[in-house]
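Okay, here's what each chain looks like letter by letter:
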Amino acid sequence: MVLAAALFCVALAMLPSHTAVMSIDLGSEWMKMAIVKPGVPMEIVLNKESRRKTPTVVCLKENERLFGDSALGMSVKNPKTVFRHLQSILGKKYKNPQVALYQKQFPEHQLQEDPVRGTVYFKNSGELQFTPEELLGMMLNYSRGLAQDFAEQSIKDAVITVPAFFNQAERRAVLLAAQMAGLKVLQLINDNTAVALNYGVFRRKDIDNTAKNIMFYDMGSGSTTATIVTYQTVKTKESGIQPQLQIRGVGFDRGLGGFEMDLRLRDHLAKLFNEQKKSKKDVRENHRAMAKLLKEAQRLKTVLSANVDFMAQVEGLMDDIDFKAKVTRTEFEELCADLFKRVPGPVEDALSAAEMKLEEIEQVILVGGSTRVRKVQDVLLRAVGKEELGKNINADEAAAMGAVYQAAGLSKAFKVKPFLVRDAAVFPIQVEFNRETEEEGVKTVKYNKRILFQRMAPYPQRKVITFNRYNNDFEDPQNLPKI
Ligand SMILES: *[C@@H]1O[C@H](CO)[C@@H](O)[C@H](O)[C@H]1NC(C)=O
């Protein structure tokens, strides 16, 4: 990438050689890593199979751990040993509906309630138990290893992406996992902000003092987010005129994504197999067979983006019975009709959060693997009323590249051309505390609540509140380990 090379003025002198930094774009299905090291511009890390993305999967066998593609391969042989799609249960209490949904999607696993924290853990065979954070920690450690092999040096510093809608408990869960992997997290960056940064950095020359509004529509495996970003140059005290991006509005739909489509297709294939009556058993009760159908469903979804029909096939699906059935794109679209109806939702929410109208948005740009589904593009195009949808960024890698640019900027080892980022808090952030007061010798405890940041308030931003009559330290109310 010649363009990337020009962005960096790397200070080489007097620096130790272990200065590489990395980014991890942590998706619910895939993770992508990028590195930057002295003399080498931003680059996507190739994994052991020389692929640019790695399944976010870990397989725990008795004396062996497998990761990435090899772990995913085990999902059809021994689904009980394979853990994936952890994003939806990170930092969640046992009673959260997301936990019940996860349990339904992965019936081969047994989720239990942690008696102390109220969160969940996986109960494996015997005495083995793992929290989602531990499993994620193993994956992050693996991704760190891949990046180190690729960079040929040790790496500690990282910027990790999280969905913009992650709350504080979810963010802390990621930080905890990173700590287990020995990573020093320079920043957790919202993945939509990382995409916006990558877009801006490569279009620095086109940014001037006229504000331009761009919407990024990101449909991944587990969720969908629409983000409105304003690009403009601003005058700063320290370094004169600089380009800036500002997050103006965010809308999201948790659960709307490619994985739900895969599950619908899988269940459809299971129904077709049962109807063929080649076996007396219900295929839906066989975890291994269902894992095979899920794999085939994922292939089917991809093929149906280009073809109007396709013959799904699984050899030896169950009891050595082969399975074969034709599925058309129309059938697929009917199976997911309610999902496609939800496509415009995040756009409307982002507009209302930004208090903007569609006419003010110059371009709508597609991000995320699931925007390749044809129907998603059709519905979105109609909803935004533009002539076309922007496909001018690398939908898979933009977040990892934006995050590594941020990592280089935060590290002392690199000199990076400034690009100002004004993010926004998707949820209001409030503090709650009790205060003891004493009036005429009578002690009372008063419950207090203060909103520090309103919804869509810009950050980073420092807020100071003074506690005149408060002498004790605050306790962490969630009882989560301190980072
Ligand atoms: C982290 O990964 C390295 C290989 O890159 C491995 O040697 C080490 O044991 C792993 N650490 C943990 C805690 O799993």
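Residues numbered from 1 in each chain as written. Predicted model: local features only at pLDDT ≥ 70, side-chain atom pairs only at ≥ 80, totals over all residues. Heavy atoms only, no water.

Trainee: Summarise the nonpolar core; cite the residues concerned and give the values.
Mentor: In this structure, Met215, Met261, Leu269, Leu293, Phe323 and Leu380 are the most contacted members of the largest nonpolar core, which totals 48 residues. For this core, the element with the most residues is helix 7 (residues 258–276), which contributes six residues. Within the second largest apolar cluster, 47 residues are counted, among which are Met33, Leu86, Phe166 and Leu183. (Core = buried A, V, L, I, M, F, W, Y, C linked by side-chain atoms within 4.5 Å. Buried < 20%, exposed > 50% of the residue type's maximum accessible area, 1.4 Å probe, protein only. Helix = DSSP H or I, 4+ residues; strand = E, 2+ residues; numbered from the N terminus.)

Trainee: Give a detailed account of the environment of Ile35, specifying residues and quantitative values.
Mentor: By secondary structure assignment, the location of Ile35 is in strand 3 (residues 30–37). Considered as a pair, Ile35 and Pro243 are 208 residues apart in the sequence and their alpha carbons are 24 Å apart.

Trainee: Requested: an account of the pairing of strand 21 (residues 420–424), with residues and values cited.
Mentor: Two strands pair when backbone bridges link them, and strand 16 (residues 240–254) and strand 21 are joined in this way by three bridges, in the parallel orientation. Counted as the bridge partner of Leu245 is Val421 from strand 21. Pairing analysis gives two bridges linking strand 21 to strand 24 (residues 458–459), with the strands arranged antiparallel. Along strand 24, the bridge assignment pairs Asp423 with Tyr459. (Pairing = 2+ DSSP bridges.)

Trainee: Can you lay out the site of the ligand for me, pointing to particular residues and giving the numbers?
Mentor: Neighbouring the ligand are the residues Arg65, Asn141 and Gly145. Note that an oxygen atom of the ligand is positioned 3.5 Å from one of the side-chain N or O atoms of Arg65. Interatomic distance of 2.4 Å between a side-chain N/O atom of Asn141 and an oxygen atom of the ligand. (Near = heavy atom within 4 Å. Polar contact = N/O pair within 3.5 Å; in protein donor to acceptor, adjacent residues only side chain to side chain.)

Trainee: Give a description of helix 12 (residues 374–384) that names residues and reports values.
Mentor: Along helix 12, the residues classified as buried are Val376, Gln377, Val379, Leu380 and Val384. As for helix 12, its buried residues are in contact with strand 14 (212–219), helix 7, helix 10 (337–341), helix 11 (345–354) and strand 19 (363–367). (Contact = heavy atoms within 4.5 Å.)

Trainee: If you had to explain the pattern of salt bridges to someone new, which residues and values would you point to?
Mentor: The full count for this structure, using the stated rule, is 19 salt bridges. Measuring nitrogen to oxygen at the nearest pair gives 2.9 Å for the salt bridge that ties Glu170 to Arg254. Pair noted here: Glu170 is in helix 5 (residues 168–180) and Arg254 is in strand 16, with a separation of 84 residues, a long-range link. For Arg264, the salt bridge is made with Glu260, and the minimal N-O distance between the two is 3.0 Å. A residue pair is termed a helical-turn pair when its members lie 3 or 4 positions apart in one helix, as Arg264 and Glu260 do in helix 7 at four residues. When salt bridges with common partners are traced through the structure, they connect Lys92, Glu170 and Arg254 into a single cluster. (Salt bridge = Lys/Arg side-chain N within 4 Å of Asp/Glu carboxyl O.)

Trainee: With reference to specific residues and values, describe the confidence of the model for the protein chain.
Mentor: Residues of the protein chain with pLDDT of at least 70 account for 93%, and the chain-wide mean is 91. With pLDDT under 50 throughout, residues 1–15 is counted as low confidence; its partners more than four residues away or in other chains account for 27 contacts. pLDDT under 50 marks residues 478–483. Its contacts with residues more than four places away, or in other chains, come to 15 contacts. (pLDDT = per-residue confidence, 0-100.)

Trainee: Lay out the sheet that holds strand 10 (residues 120–123) in plain terms, naming residues and giving numbers.
Mentor: Within the open sheet, the three strands sit side by side as 9-10-11. Their pairing is antiparallel. The two strands at the open ends of the sheet, each matched to only one other strand, are strand 9 (111–113) and strand 11 (129–130). Examined bridge by bridge, strand 9 and strand 10 share three bridges and lie antiparallel to one another. Residue pairing across strands places Gln112 opposite Tyr121, the latter belonging to strand 10.

Trainee: Got a sec to walk through the sheet that holds strand 19? Specific residues and values, please.
Mentor: Read from one edge of the open sheet, six strands run 19-14-15-16-21-24, paired in mixed fashion. Whereas interior strands pair on both sides, the edge strands pair on one side only; in this sheet they are strand 19 and strand 24. Each of strand 14, strand 15 (223–236), strand 16, strand 19 and strand 21 touches helix 6 (residues 191–201); the most contacted strand, strand 15, lies at about 45° to it. (Axes fitted to C-alpha atoms, helices over the stretch in contact; angles between N-to-C directions.)

Trainee: Could you give me a rundown of unusual backbone geometry, with the residues and numbers involved?
Mentor: The phi dihedral of Ser50 falls on the positive side, at around 60°, and the residue is not glycine. Among the secondary structure elements, Ser50 is positioned in the loop between strand 4 (40–44) and strand 5 (54–55). Exposure remark for Ser50: the relative accessible area of 52% places this residue in the exposed category. Even without glycine at this site, His85 takes up a positive phi of about 50°. Here His85 shows up in the loop between strand 8 (82–84) and helix 3 (97–105). Since its relative accessible area comes to 8%, His85 is described here as buried.

Trainee: Help me get a handle on the side chain of Asn448, residues and values and all.
Mentor: The residue Asn448 is located in strand 23 (residues 442–453) in this model. The exposure class of Asn448 is buried, given its relative accessible area of 18%. Only 3.4 Å separates the side chain of Asn448 from the backbone oxygen of Lys446, close enough to count as a polar contact. With residues up to four places along the chain from it excluded, the contact list for Asn448 reads Val431, Glu432, Phe433 and Arg435.

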